[in-house]
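Residue-level listing of the chains:
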Amino acid sequence: MENIEEKFEALPLIQQSMLDSYKKRLEWIRITITILTPSLVLLIGFQTKPHSNEKLLSVLLLISILMMTLSILSGLYLLLAEPQAYKKMAGEIKNLVDRGGNVQETPIFLEFSWYQEILSKIFPILVSLSILFLGSFGILKYL
């Protein structure tokens, strides 16, 4: 009988975790569209007449595009990992209750994998480098 009470107590937690997972996935889609659209517009806007220092400009542009791409991909992966972590947490709560555990006595934390932790540390560096190279490209282009 006690396990049934635990299941009823855990049901709102499971439902909220699943709802959070769904909301985070929608947020991820919105952010993806918000990031990629202006980036595409900027890259199209860089297609202008050649300059005297074309090779250096090309190298800076390619490096900034590469850094921006890596930044966007790693950031999107990190954003995608969040709803997956909520979903995993909901599964752990369900398993705990199914085994007869007490939800109140056993806290379950939101966990990310080791490679997601590494990406979260690398992400600011990638963003900084992409801004630095893009800024260098912009300054050199208009000098």
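Scope of this entry: the structure provided in the associated data block. Being a predicted model, the structure only gives us computed values, none of them experimental.

## As for the side chain of S71
Then, number 1: By the element assignment, S71 lies in helix α2 (residues 54–98).
Then, number 2: Relative accessible area serves as the criterion here: at 5%, S71 is assigned to the buried category.
Then, number 3: Those residues within four positions of S71 in sequence are excluded, and the remaining contacts are F123, L126, V127 and S130.

## Regarding the environment of L126
Then, number 1: The residue L126 is located in helix α3 (residues 114–141) in this model.
Then, number 2: Once the C-alpha coordinates of L126 and I72 are considered, the two residues, 54 residues apart in sequence, prove to be 9.1 Å apart.
Then, number 3: Setting aside residues no more than four positions away along its own chain, L126 makes contact with M67, L70, S71 and S74.

## Points about α3
Then, number 1: Its 28 residues give α3 an end-to-end C-alpha distance of 40 Å, which sits within 8% of 40 Å, the value for a rise of 1.5 Å per residue.
Then, number 2: Its maximal kink placed at I122, α3 deviates by approximately 35°, while the proline P124 follows within four residues.
Then, number 3: Q116, L126, S130, F137 and K141 are the residues of α3 that are buried.

## Some points on the packing of α2 against α3
Then, number 1: Contact geometry for α2 and α3: axes closest at 8 Å, N-to-C directions at 150°. Here α2 is positioned roughly antiparallel relative to α3, judged by the angle of their axes. The element α2 and its partner α3 pack so that their crossing is left-handed.
Then, number 2: Here the residues of the contact of α2 with α3 are counted per class, giving 21 nonpolar, nine polar and one charged.

Thresholds, definitions, all that
Residues numbered from 1 in each chain as written. Predicted model: local features only at pLDDT ≥ 70, side-chain atom pairs only at ≥ 80, totals over all residues. Heavy atoms only, no water. Helix = DSSP H or I, 4+ residues; strand = E, 2+ residues; numbered from the N terminus. Buried < 20%, exposed > 50% of the residue type's maximum accessible area, 1.4 Å probe, protein only. Contact = heavy atoms within 4.5 Å. Expected span 1.5 Å × (residues − 1). Bend = angle between axes of the 7 residues up to and from the residue. Axes fitted to C-alpha atoms, helices over the stretch in contact; angles between N-to-C directions. Parallel < 35°, antiparallel > 145°, perpendicular 65-115°, else oblique. Left-handed = near helix turned anticlockwise from the far one by under 90°. Nonpolar A, V, L, I, M, F, W, Y, C, P; charged D, E, K, R; others polar.

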